[in-house]
Each structure stands twice: as structure tokens, then as C-alpha cells.
Amino acid sequence: MLHGIDVSAYQSSTYGTSGLSFVFIKATEGRSYVNSKLSDQTKHGRDAGLVVGFYHFLWPGNITAQAEYFVSHAPEKAGDILAVDWETTGEGTHATNAEKDAFIRKVKSLRPHNRVVLYTNRNFWLNIDTTSYAGDGLWIADYVTAGRPRIKAKWLFHQYTDDPLDKDVANFGSTTALRQWAAV
């Protein structure tokens, strides 16, 4: 298993990279938020030789506009991974299954040379999701032993804790294997 983290504006632009193979960086949310540390956090991950991914926190409504907003702000580089973060918003709402699926498909059409994955928590995957559509792969959040999420579905990434920050593992045998998969 490979180790990685995911970061947002709440974390430092010079987050620790020792022992890591990948980083996911929050890029956007809805149609109005861009991570103020996006550029610096991206440079830091690339300088450390990490596989870099970007995620968009999905809000209900305006799916095409959100997808366009995300790809207009997420750096574009072959081998980067794009993700949709599908969970409950600060207002207690969430995008529908159809909206989640449409967002993934739209991002894939706008960035055909990048992998697009679904990030969601175990509760959403088991109780909210009705389509099991995760684009190119599932990134599941379940705060248990690393690499042992409590789901039956095949997963590629597992966020297993948020203490002291979001830590993840990837179900790849090597960083080279992850890079080859991400290279589409």
C-alpha cells in the first residue's frame, strides 16, 4: 500500500511529504471557492515527486457550471488525478446521485487525459449512493485500519483518519504502478 494525504487551505503549503507517494489537494467548491493555497500546495507536492490529485467539493445544482469551474482552476497536467468530493455540505444538503454521476462524466469529457475518481464516505456509499458510479475509481473514507474500509466494493484510495490530518492509502503495489494508472 502506498501512503498519501489530502490537504486544503486549512493545512500548510509546506505539508510534510516524507514517506508519501501521493497528495490530493482541494481545488474548488461549488462555483465560488478556490483554495487560496492551491498553487503553493501543488508546487510543494510536485517538488517532492508525489503523484498529485485535485478535488472539488460538490454542491447540488449547476453541475455543468461546477465541472467547468473545477477544471478551469485545477492545474492541468498529464498524470494528475481529479476527484469529486460527494458528501453533506455545510448547509446540510448534498448533490443527488444523478448530479454526482453527471459531474464525473462532465469532468471526464472536459479532461479526457486525466483519471476522475469519486471520494465519498462509507455512509454515503452504503446508504445514499444508488448507482455505484465512481468514474475511474472509488476513494472511500472510513476511519478504521488503513487499507481495510468496511465496504465490499473495489476501492483505489482509502482515507482512514483525519487526525492530525487526512491520511490515505492507495491500493497500488508501487508508486510506479500508481503513475502508470494515472497516466490514462
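Provided above is the structure to which this section pertains.
From a predicted model like this one, the values you see are computed outputs, not experimental measurements.

Chemist: Would you explain the overall build of the chain in this entry?
Modeler: Along the backbone of the chain there are five helices and nine strands. Order of helices (α) and strands (β) in the chain, N terminus to C terminus: β-β-β-α-β-α-β-α-β-α-β-β-β-α. Relative to the compact-globule value of 16 Å for 184 residues, the chain shows a C-alpha radius of gyration of 15 Å, a close match. C-alpha atoms of the chain, sized along the principal axes, occupy 40 × 35 × 30 Å. In the chain, buried positions account for 49% of the 184 residues. Summarising the internal contacts of the chain: among those between residues at least 6 apart in sequence, 61% fall at separations of at least 24. About 8,300 Å² of surface is accessible on the chain, with carbon and sulfur atoms providing 47% of the total.

Chemist: Where do I start with helix α1 (residues 38-47) in this structure?
Modeler: The α-helix advances 3.6 residues per turn, and as a result positions three or four apart in sequence lie on the same side. All of the buried residues along α1 are Leu38, Gln41, Thr42 and Gly45. For α1, the angular spread of buried residues about the axis comes to 100°, placing them on one side. Turned more than 90 degrees off the buried face of α1, the exposed positions are Ser39, Lys43 and Asp47. Trailing α1 by a residue or two, Gly49 shows a phi angle of about 80°, which is positive.

Chemist: Would you mind showing me how to read the packing of aromatic side chains here?
Modeler: Describing an aromatic ring pair means giving the distance of the ring centres and the angle of the ring planes. The full count for this structure, using the stated rule, is 12 aromatic pairs. Plain terms: the ring middles of Trp139 and Phe157 are 6.5 Å apart, the flat faces sit at 65° to each other, and that makes the pair edge-to-face. In this pair, Trp139 is assigned in strand β7 (residues 138-141) and Phe157 in strand β8 (residues 157-161), connecting sequence segments 18 residues apart. As far as the burial class goes, Trp139 and Phe157 line up, both buried. Site record: aromatic cluster; members linked through ring pairs are Phe22, Phe24, Tyr55, Tyr119, Trp139, Phe157, Phe172 and Trp181. Positioned over the ring face of Trp86 is Lys100, at 5.1 Å from the centre of the ring. If you follow Arg105 out to its NZ or CZ, it ends over the ring of Tyr133, 4.0 Å from the centre.

Chemist: Explanation requested: the pattern of salt bridges in the structure shown.
Modeler: If charged atoms from side chains of opposite charge come close, those side chains can pair. A full pass over the atoms with the stated rule returns nine salt bridges. Between Arg111 and Glu76 there is a salt bridge whose closest N-O contact spans 3.6 Å. Placement of Arg111 in the loop between α3 (97-110) and β6 (115-121) and of Glu76 in the loop between α2 (63-73) and β5 (81-85) is noted, with a sequence separation of 35 residues between them. Using a relative accessible area of 62% as the deciding quantity, one classes Glu76 as exposed. Between Asp136 and Lys108 there is a salt bridge; the shortest N-O distance is 2.9 Å. With Asp136 in the loop between α4 (122-128) and β7 and Lys108 in helix α3, this residue pair connects regions lying 28 residues apart in the sequence. Residue classification places Asp136 among the partly exposed residues on the basis of a relative accessible area of 22%. A relative accessible area of 26% means that Lys108 is categorised as partly exposed. Salt bridges here are not isolated pairs; linked through shared partners, they connect Lys100, Asp101 and Asp129.

Chemist: I would appreciate a short explanation of unusual backbone geometry in the present structure.
Modeler: Look at the link from Asp163 to Pro164: it is a cis peptide, with omega at 5°. In this fold, Pro164 is placed in the loop between β8 and β9 (166-170). Positive phi, normally seen in glycine, also occurs at Ser132, with a value near 60°. With respect to the helices and strands, the residue Ser132 is situated in the loop between α4 and β7. Judged by its relative accessible area of 51%, Ser132 is exposed.

About the thresholds
- Residues numbered from 1 in each chain as written.
- Predicted model: local features only at pLDDT ≥ 70, side-chain atom pairs only at ≥ 80, totals over all residues.
- Heavy atoms only, no water.
- Helix = DSSP H or I, 4+ residues; strand = E, 2+ residues; numbered from the N terminus.
- Rg over C-alpha atoms; globule rule 2.2 N^0.38 Å.
- Buried < 20%, exposed > 50% of the residue type's maximum accessible area, 1.4 Å probe, protein only.
- Contact = heavy atoms within 4.5 Å.
- Areas by Shrake-Rupley, 256 points an atom, 1.4 Å probe, with all protein chains shown as cover.
- Arc of directions from axis to C-beta.
- Phe/Tyr/Trp six-rings, centres within 6.5 Å; stacked < 30°, edge-to-face > 60°.
- Lys NZ or Arg CZ within 6 Å of the ring centre and 35° of its normal.
- Salt bridge = Lys/Arg side-chain N within 4 Å of Asp/Glu carboxyl O.

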